[in-house]
Amino acid sequence: MKTAPLDLDDIQGDVVLGMQKNVENFIFFKIVDKALFKTRIKQHVVTRITSAQRVHQQELVIGRRKGPGAKASERFHGLNLGFTKDGLEQLAGSARPKLDPAFERGAAHKDTIEALNDPPYSTWRKEFVADRVDSVFLITGADRSSVTFHTNEVLRLLGASIRVVYAEIGNVRPGAERGHEHFGFLDGVSQPGIRGLTRPSQPIYRPDQGLPGQDLVWPGEFVFGYSGQDPAHPTNEGQPPPMAGPWMRNGSYMVFRRLEQKVPEFRKFVAEQAARLGMDRELLAARMVGRWKSGTPLELAPQRDDSRLGGDGGRNNDFEFGDDPSQRKCPYAAHIRKAYPRDDTASEAEVQRHRIIRAGIPFGPEVAPGETTTRHSRGLMFVCYQTSIERQFEFIQKNYANNPDFVVGKLRPGGAGEVAPGFDPIIGQAPANGARQMDEPFANFPAGNRRTTLVIPNQFVVLTAAGYFFMPSISALRTVLTA
Ligand code: N7H
């Protein structure tokens, strides 16, 4: 199957490949002088936007230098720019064509909050909701001082044309925790492969996978202007997603969620519940996520961690869930089984229509000695890209993570009836912040029939700000949007 190559020079770098980042500044702002803003963007900012091509080349440099003994101490920095519906309105006027209904509603709309069981807007970070957010800069780099330097440079170029509403810096965790999120789990292990961009590692035997187990998805699921998935077939080419105008080509929607993580509370809960259930606490935490902290999937190592497997890209995604029909290895509700059920549902074609590319970064300090209840705000600046917010991010949150009946139709062994899997224990949200249950925290592996339930009274992941953005192509930034 021949695929049109992606126009990487025109796509912003964070969208398909994820900009290289040790540190990332998120600058949310309001456009206060439209004409000046357009001039400054056109004259000074567009040329500084980091393209996907640039990110791709930097990846190659890092790959080459990572040879024996070499250190990947690259000083790359990146700049990307996105707009909310209000920002597009500022640039294109109220008569502009309308985009995805979820994007036009926005993350802060009461219907969105209600649909996703999000905490009320009044509880979000007050600086974030203090004014209208039109736009966001993503500024990435190797360390805080270079990111601060580049931030000041960009703000100086924009001058009085904007007013910053909220800015916050995320950074990777230190030392051995690098690449791990705050609960301790390796992140960034599984991403969809993109047809026409991700090269199959075994082109003859596995032409539809990048690395083993990494299913290739048609690029139109993530970038406008390209073929998407066939709704009836997991690998066939489908229609390109509809665009409100040709300028949307090479653009993508970004979902941003500032998710606070209650780390001491999570650890305490896991320790107490593991003691109650009579099981290892690391195994219980792994059964909540679906992977061990090392990244090793439970489907391949259901009883004990095999830490070499976790970081091995050739093996750490090479599994399905269909051959674990009684959740003996991995609970149905485990975060990764909910968020990407692979072959676990009646239609794998359908599952492939709900994929996202994640590009978040942790924020906040490490847990301080003696911090037994959260005293410092920390968590994940969650970012994901897609061409339909409703069918991709919102579907995963609402229909999978928040839906205690998903995955449907699973039966208990020995004809003991149907299973209610429960909520995703990491990101699932019940109505009105209610308690959540998860089925089968105790591992009946390789056999056994002990029925257990995990009751989770509070959220360990709490939404504190959110926004829906459109990340236009670099050419649209240079032309239509700044005309
Ligand atoms: Fe999730 N975690 O540490 O438990 N996530 N996630 N996520 N997540 C994944 O594969 C985590 C969040 C997805 O392809 C891993 O990179 C935390 C949201 C998807 O097999 C770990 C938070 C949404 C995948 C975590 C959080 C998703 C995934 C395994 C919030 C979307 C890929 C490592 C604070 C609605 C699944 C990896 C696949 C993986 C964690 C948020 C979705 C460890 C702590 C909001 C699609």
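This text follows the structure it describes.
Residues numbered from 1 in each chain as written. Predicted model: local features only at pLDDT ≥ 70, side-chain atom pairs only at ≥ 80, totals over all residues. Heavy atoms only, no water.

### Describing the packing of helix 2 (residues 34-45) against helix 7 (residues 144-158)
Next, step 1: At a closest axis distance of 9 Å, the pairing of helix 2 and helix 7 adopts a crossing angle of 130°. Put simply, helix 2 runs oblique to helix 7. Along its contact with helix 2, which presents Phe37, Arg40, Ile41, His44 and Val45, the element helix 7 presents Arg156, Leu157 and Leu158.
Next, step 2: When its residues are assigned to classes, the contact of helix 2 with helix 7 shows five nonpolar, one polar and two charged. (Axes fitted to C-alpha atoms, helices over the stretch in contact; angles between N-to-C directions. Helix = DSSP H or I, 4+ residues; strand = E, 2+ residues; numbered from the N terminus. Parallel < 35°, antiparallel > 145°, perpendicular 65-115°, else oblique. Contact = heavy atoms within 4.5 Å. Nonpolar A, V, L, I, M, F, W, Y, C, P; charged D, E, K, R; others polar.)

### Here's the deal with the site of the ligand
Next, step 1: Around the ligand there are 27 residues in total, and Gly188, Val189, Ser190, His335 and Arg358 lie nearest to it.
Next, step 2: Here an oxygen atom of the ligand and a side-chain polar atom of Asp187 are 3.3 Å apart.
Next, step 3: Arg342 places a polar side-chain atom, nitrogen or oxygen, 3.1 Å from an oxygen atom of the ligand.
Next, step 4: Secondary-structure elements contributing two or more residues to the shell around the ligand are strand 9 (252-261), helix 11 (335-339), strand 12 (379-386) and helix 13 (390-401).
Next, step 5: A class-by-class count of the residues in the shell around the ligand yields 17 nonpolar, five polar and five charged. (Near = heavy atom within 4 Å. Polar contact = N/O pair within 3.5 Å; in protein donor to acceptor, adjacent residues only side chain to side chain.)

### A few points about the pairing of strand 1 (residues 23-31)
Next, step 1: In terms of burial, strand 1 is largely enclosed, as nine of its nine residues are buried.
Next, step 2: Summarising the sheet, strand 1 and strand 3 (residues 135-141) pair through seven bridges and their orientation is antiparallel. Bridge assignment links Phe28 to a residue of strand 3, and that residue is Val136.
Next, step 3: For strand 1 and strand 4 (residues 162-171), the ladder comprises nine bridges, and the chain directions are antiparallel. Bridging from a neighbouring strand, Ile31 pairs with Ile162 of strand 4. (Buried < 20%, exposed > 50% of the residue type's maximum accessible area, 1.4 Å probe, protein only. Pairing = 2+ DSSP bridges.)

### Considerations on helix 3 (residues 52-65)
Next, step 1: Helix length check: helix 3 (14 residues) gives 20 Å between terminal C-alpha atoms against 20 Å at 1.5 Å per residue, within 8%.
Next, step 2: Looking only at helix 3, the buried set comprises Ala52, Val55, Gln58 and Ile62. In an axial view of helix 3, the angular spread of the buried residues amounts to 115°, which keeps them on one side of the axis.
Next, step 3: In the core, the buried residues of helix 3 are packed alongside helix 1 (13-16). (Expected span 1.5 Å × (residues − 1). Arc of directions from axis to C-beta.)

### Focus on the environment of Gly370
Next, step 1: With respect to the helices and strands, the residue Gly370 is situated in the loop between strand 11 (361-363) and strand 12.
Next, step 2: Assessed through its relative accessible area of 64%, Gly370 is described here as exposed.
Next, step 3: Distance in space between the C-alpha atoms of Gly370 and Phe83 is 41 Å, their sequence separation being 287 residues.

### Details of empty space enclosed by the protein
Next, step 1: Evaluated as defined, the whole model comprises one cavity of 30 Å³ or more.
Next, step 2: Lining the largest cavity, in full, are Met19, Gln20, Thr50, Gln58, Phe76, His77, Gly78 and Thr140. (1 Å grid on protein atoms, 1.4 Å probe; cavity = no way out; pocket = protein on both sides within 12 Å on 5 of 7 lines; lining within 4 Å. Points joined across faces, edges and corners; volume = space filled by probe spheres on them.)

### Section: the environment of Asp10
Next, step 1: By the secondary structure assignment, Asp10 is in the segment before helix 1.
Next, step 2: Residue classification places Asp10 among the buried residues on the basis of a relative accessible area of 12%.
Next, step 3: A polar contact of 2.7 Å, which involves the side chain of Asp10, links it to the backbone nitrogen of Ser475.

### A short note on unusual backbone geometry
Next, step 1: In this chain, Phe406 is followed by Val407 through a cis amide linkage whose omega measures 10°.
Next, step 2: Along the chain, the position of Val407 falls in the loop between helix 13 and strand 13 (436-439).
Next, step 3: Looking along the chain, the bond that leaves Phe445 and enters Pro446 is cis, with omega of 0°.
Next, step 4: By the secondary structure assignment, Pro446 is in the loop between strand 13 and strand 14 (453-456).
Next, step 5: Of note in this structure, Gln327 is not a glycine but carries a positive phi near 45°.
Next, step 6: By the element assignment, Gln327 lies in the loop between helix 10 (307-310) and helix 11.

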